[in-house]
Amino acid sequence: MSGIFVKLYVDAVRSGMIADMGAEKLQTLLVLASYMDAHGRCYPTQWAIAEALGVARETANRRVAALLRYRWRGSPIVTAERRRDPTVQTWANTVYTILPESHMRIFDTS
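Residues numbered from 1 in each chain as written. Predicted model: local features only at pLDDT ≥ 70, side-chain atom pairs only at ≥ 80, totals over all residues. Heavy atoms only, no water.

*Asks:* Please explain the overall build of the chain as it appears in this structure.
*Replies:* Broken down by element type, the chain carries 4 helices and 7 strands. Along the chain, helices (α) and strands (β) appear in the sequence β-α-α-β-α-α-β-β-β-β-β when read from the amino end. By residue count, 32% of the 110 residues in the chain fall in the buried class. When contacts within the chain are restricted to residue pairs at least 6 apart in sequence, long-range pairs at least 24 apart make up 61% of them. If you sum the accessible surface of the chain, you get close to 6900 Å²; carbon and sulfur atoms cover 55% of it. (Helix = DSSP H or I, 4+ residues; strand = E, 2+ residues; numbered from the N terminus. Buried < 20%, exposed > 50% of the residue type's maximum accessible area, 1.4 Å probe, protein only. Contact = heavy atoms within 4.5 Å. Areas by Shrake-Rupley, 256 points an atom, 1.4 Å probe, with all protein chains shown as cover.)

Rendered as structure tokens:
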């Protein structure tokens, strides 16, 4: 078992964000958050997300897309940036960033 924790601040619940976003988007956010670094960036593959969600890759892609479209009080809680591999000019990976508006942190002792 890993000694790393993802924090979900109670304000996520008390502000109404969790109720607003719904179970599927919350589950997807939690899966992405399990991969994030101290800056909120994460690099899971589509297959890793699907496996962690217990769904097909196509379903995982739809859930991630819905989470990326989601706005809390007008602001995104997760962004994505597709990066190209310059040597072969194909998409190399997607970098997701979990933003402070998500009320989630990792490696944060404050």
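Now that the structure is up, let's keep going.
*Asks:* Could you clarify how one ought to interpret the pattern of salt bridges in this entry?
*Replies:* If charged atoms from side chains of opposite charge come close, those side chains can pair. For the coordinates displayed, the defined rule picks out 3 salt bridges. Between Glu 24 and Arg 63 there is a salt bridge whose closest N-O contact spans 3.5 Å. With Glu 24 in helix H2 (residues 17–33) and Arg 63 in helix H4 (residues 57–69), the pair connects residues that are 39 residues apart, well separated along the chain. With relative accessibility at 14%, the residue Arg 63 sits in the buried group. With a closest N to O distance of 3.5 Å, Arg 57 and Glu 58 form a salt bridge. Using a relative accessible area of 22% as the deciding quantity, one classes Arg 57 as partly exposed. (Salt bridge = Lys/Arg side-chain N within 4 Å of Asp/Glu carboxyl O.)

*Asks:* Even after reading the chapter, I still don't get the side chain of Thr 28, so can you show me in this structure?
*Replies:* Within the element layout of this structure, Thr 28 appears in helix H2. The class of Thr 28 is buried, set by a relative accessible area of 0%.

*Asks:* Just to check I follow, could you spell out the packing of aromatic side chains for this structure?
*Replies:* What describes a pair of aromatic rings is the distance from one ring centre to the other and the angle between the planes of the rings. What the rule picks out here adds up to 0 aromatic pairs. Lying across the ring of Trp 47, Arg 57 places its NZ or CZ 5.1 Å from the centre. (Phe/Tyr/Trp six-rings, centres within 6.5 Å; stacked < 30°, edge-to-face > 60°. Lys NZ or Arg CZ within 6 Å of the ring centre and 35° of its normal.)

*Asks:* How should the nonpolar core be read in this particular structure?
*Replies:* By size, the foremost hydrophobic cluster in this structure holds 25 residues, and its most contacted members are Met 21 and Ile 77. Of all the secondary structure elements, the ones that give two or more residues to this core are H2, helix H3 (46–53), H4, strand E6 (90–98) and strand E7 (104–106). Counting residues per element, this core draws most heavily on H2, which supplies 8 residues. Leaving out residues up to four positions away in the same chain, Ile 77 has contacts with Met 17, Met 21, Leu 29, Leu 67, Tyr 70, Trp 72, Thr 97, Ile 98, Leu 99, Glu 101 and Ser 102. (Core = buried A, V, L, I, M, F, W, Y, C linked by side-chain atoms within 4.5 Å.)

*Asks:* Explain H2 to me, please; I cannot follow it from the model alone.
*Replies:* It helps to recall that an α-helix has 3.6 residues per turn; residues three or four apart then point in one direction. Look at H2: only 16 Å from first C-alpha to last across 17 residues, short of the 24 Å you get at 1.5 Å a residue. Remark: the principal bend of H2, roughly 95°, maps to Ala 23. Of the residues making up H2, those classed as buried are Met 17, Ile 18, Met 21, Leu 26, Thr 28, Leu 29, Val 31, Leu 32 and Ala 33. (Expected span 1.5 Å × (residues − 1). Bend = angle between axes of the 7 residues up to and from the residue.)

*Asks:* Just to check I follow, could you spell out the confidence of the model for the chain for this structure?
*Replies:* Predicted coordinates in areas of low pLDDT are best not read in detail. In this model, the chain carries a mean pLDDT of 90, and residues with pLDDT of at least 70 account for 89%. Across the chain, the secondary-structure element scoring lowest on mean pLDDT is E6, at 84, and the one scoring highest is H4, at 97. (pLDDT = per-residue confidence, 0-100.)

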